[in-house]
Structure formats: C-alpha cells, structure tokens
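Residue-level listing of the chains:
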Amino acid sequence: MVKVSIYDTDFSIDRGDLPWTQEKEGTHWENYKDTLRFLGSIGFYVGEDKEIKKNYPILNDRHRAGGFGDLRFKAECHPNVFYIRFYQDVYHENPCGGFYDFDKYKKMPYLIQKRYDWTLEKLLKYFEKRGFSVEFRQNTFKGEAFIINDYIRSWHHPQKKWFSLSDVNGEIAEHEYNGRDRDGNLLYNGETKYFRDWNGYLYRGKVYHNINNMWWVLMPDGIVRNKACFELFDLYAEDFWGRQKTYRPPQEYIERKRQLTLCSKKELENELKRRN
C-alpha cells in the first residue's frame, strides 16, 4: 500500500509495492504524474521548475513547480518516494532545500492558510479514492534529535534505537554518486559544509546523509535543512563571500518597459519633448 506522510505543509508519498519504471501505467512514476495532474485539475498551474532546469537540466523531468495564487508548490520524484512542498510566494526561490524548515503553515498569511486548507482537503479525498494510507506527523524533535529520530525511523539507515549523532561521524553515502559536493569532494557525516540559500546568503552546518543525494544540514542555531549534495561546498578564497541575489525587478517596472516597447519611435520622441 502506498503511504502518504504529511508534516506541516510537506507531503511524502512512498512507492509502496509499485514498480519505478517511467514507461508503464500503474507505476510509482505514473502515480507522481497523476498527483500533479490532479493539482492541475483543482486550479493549480503546473510547470517546469525553472531554477532546476537552468542549473541542473538533467534533473528537470523529475522536478515540477506551480501555484494557485500566492500558494506555491515544488515537487520532486525519486525512485522510492516523491515529495510535494507547499509554501507562500515569498519562499519560491528555494529549489528543494527548504523541505524541513519548521512551521511554514504558521508563517503563512491567513488567506494563504485558507487556500492551503482547501487544497489539503482536496488532496485527502484524492488519496482516499486511490486507496492510499495517510499519516500526519507531529514532529517535536529539533536539532540533533531531529536527525537521530529520522535515522531510527528510516529504513535507509541501520539504527534502531537512540544513539549519539557523533557515532555516525565519518560515514559516507552508500552510493558514491549521492555523496559528492559541488566540487566533486566526497561528503562525510559530521563535516562542515557551506550552501547558498534561497535568499542569496551563505550558510554553513554539519552534514549527515539523509536519502539518495539529499543531506541533512545541522546549522549552528539548531535548524535542520535538507540540501542536495551538489548544493554543498567548501568555501574557497575565490568564491564570492557576499550575498548573491537574483535580480527581480518589480512587476510594475516590467509592465512599464513592455508598454514602452509597443510605442513607435515618434511617440517616444514626443514624450521626451513633453518632459523637456
């Protein structure tokens, strides 16, 4: 049976007994596509994740993004699980790394919360119709305890009882291609790595392998982030150390420039004369 795990505004849908292949119906891949089609049927636009397509085109077919008003989502599919993360519009620049930021729902404005509540109700009916089991996770663990508890819960890790996180320091991902950073360096549990977040600032933390190419990053303030291995790196002197923010002009400015392109040369000259 396919199991759906819901934490805050994050959905994790496992593969169950379904095959993975992308070429047949009744597969984990088709289940992922059907869920996205359902979101489209209730009013969400669904398209390519432009950040992924630009920076990691090889992953483009497994990532989608979209929204309904100011409620946005990002989705990503892996061989054993696919994820859907809902968030408010201001959070949209983070490709896949904010998956376990806490309390996204509480930080949403009231109207966006209502849109999410409506979406959740629709999805629960969809999951029920498909025969999926649904679990709501209320996670009270923070910091190191969050990662330890995740290791115990996950069948991808051998731990079955509480342990010290330092016990797994030095371990690597089972498959080497899931454990190399931006520069091709092998990642080890417990080492400090940097990443650049959606807001353009640099952050650092201790990394611990999660699943596939995803790694937990335990930050100094205790927040745990979920980052892909290729987003992690050592900070070198030649790296840009400041904020690296994508320029996003106001929509009004973009519209004004578009209107100007529709004017003839004569009209523009007359407008300049009017303004002296």
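Structure shown above.
Everything quoted here is computed from the prediction, not taken from an experiment.

Draft legend 1. Quick look at the packing of helix α1 (residues 28-41) against helix α4 (residues 110-130). The geometry of α1 relative to α4 is characterised by a closest axis approach of 11 Å and an angle of 140 degrees between their N-to-C directions. Classed by the angle they form, the pair α1 and α4 counts as oblique. As α1 runs across α4, the sense of the crossing is right-handed. Here N31, D34, T35, F38 and L39 of α1 come into contact with α4, specifically with T119, K122, L123, Y126 and R130. Taken together, the residues of the contact of α1 with α4 break down into four nonpolar, three polar and three charged.

Draft legend 2. Summary view of the environment of L120. Within the secondary structure layout, L120 lies in helix α4. As for L120 and T9, which are separated by 111 residues in sequence, their C-alpha atoms are 8.8 Å apart. Not counting residues up to four positions away in its chain, the partners in contact with L120 are I6, F11 and F136.

Draft legend 3. Region of the structure containing the sheet that holds strand β3 (residues 45-48). The strand order across the open sheet formed by seven strands is β3-β4-β5-β6-β2-β1-β7, and the pairing between neighbours is mixed. Two strands bound the open sheet, and with one partner strand each, they are β3 and β7 (133-136). Each strand of the sheet is rotated relative to its neighbour by a mean of 20 degrees, with strand direction disregarded. The sheet contact formed by strand β1 (residues 3-7) and strand β2 (residues 10-14) spans four bridges and is antiparallel. Pairing of Y7 across the sheet is with D10, part of β2. Those strands touched by α4 are β1, β2, β4 (63-68), β5 (71-77), β6 (81-88) and β7, and its axis lies near 15 degrees from that of β2.

Draft legend 4. Seen up close, the pattern of salt bridges. Within this structure, the stated rule accounts for 17 salt bridges. Ionic pairing is found between E121 and K125, a salt bridge with its closest N-O pair at 3.6 Å. With E121 and K125 both in helix α4, this residue pair falls four residues apart, about one helical turn. When its relative accessible area of 43% is taken as the criterion, E121 is described as partly exposed. Note on K125: relative accessible area 51%, which makes it exposed. Connected via shared salt-bridge partners are E30, D34, R37 and R130.

Draft legend 5. Representation of the environment of P249. The topology assignment puts P249 in the loop between β11 (224-228) and α6 (251-261). The class of P249 is partly exposed, set by a relative accessible area of 23%. Sequence separation between P249 and K50 is 199 residues, and the spatial gap between their C-alpha atoms is 17 Å.

Draft legend 6. Spatial organisation of the side chain of S12. Secondary-structure assignment places S12 in strand β2. In this structure, S12 is in contact with K3, V4, S5, V81, F82 and Y83, ignoring residues within four places of it in sequence.

What counts, and where the lines are drawn
Residues numbered from 1 in each chain as written. Predicted model: local features only at pLDDT ≥ 70, side-chain atom pairs only at ≥ 80, totals over all residues. Heavy atoms only, no water. Axes fitted to C-alpha atoms, helices over the stretch in contact; angles between N-to-C directions. Helix = DSSP H or I, 4+ residues; strand = E, 2+ residues; numbered from the N terminus. Parallel < 35°, antiparallel > 145°, perpendicular 65-115°, else oblique. Left-handed = near helix turned anticlockwise from the far one by under 90°. Contact = heavy atoms within 4.5 Å. Nonpolar A, V, L, I, M, F, W, Y, C, P; charged D, E, K, R; others polar. Pairing = 2+ DSSP bridges. Salt bridge = Lys/Arg side-chain N within 4 Å of Asp/Glu carboxyl O. Buried < 20%, exposed > 50% of the residue type's maximum accessible area, 1.4 Å probe, protein only.

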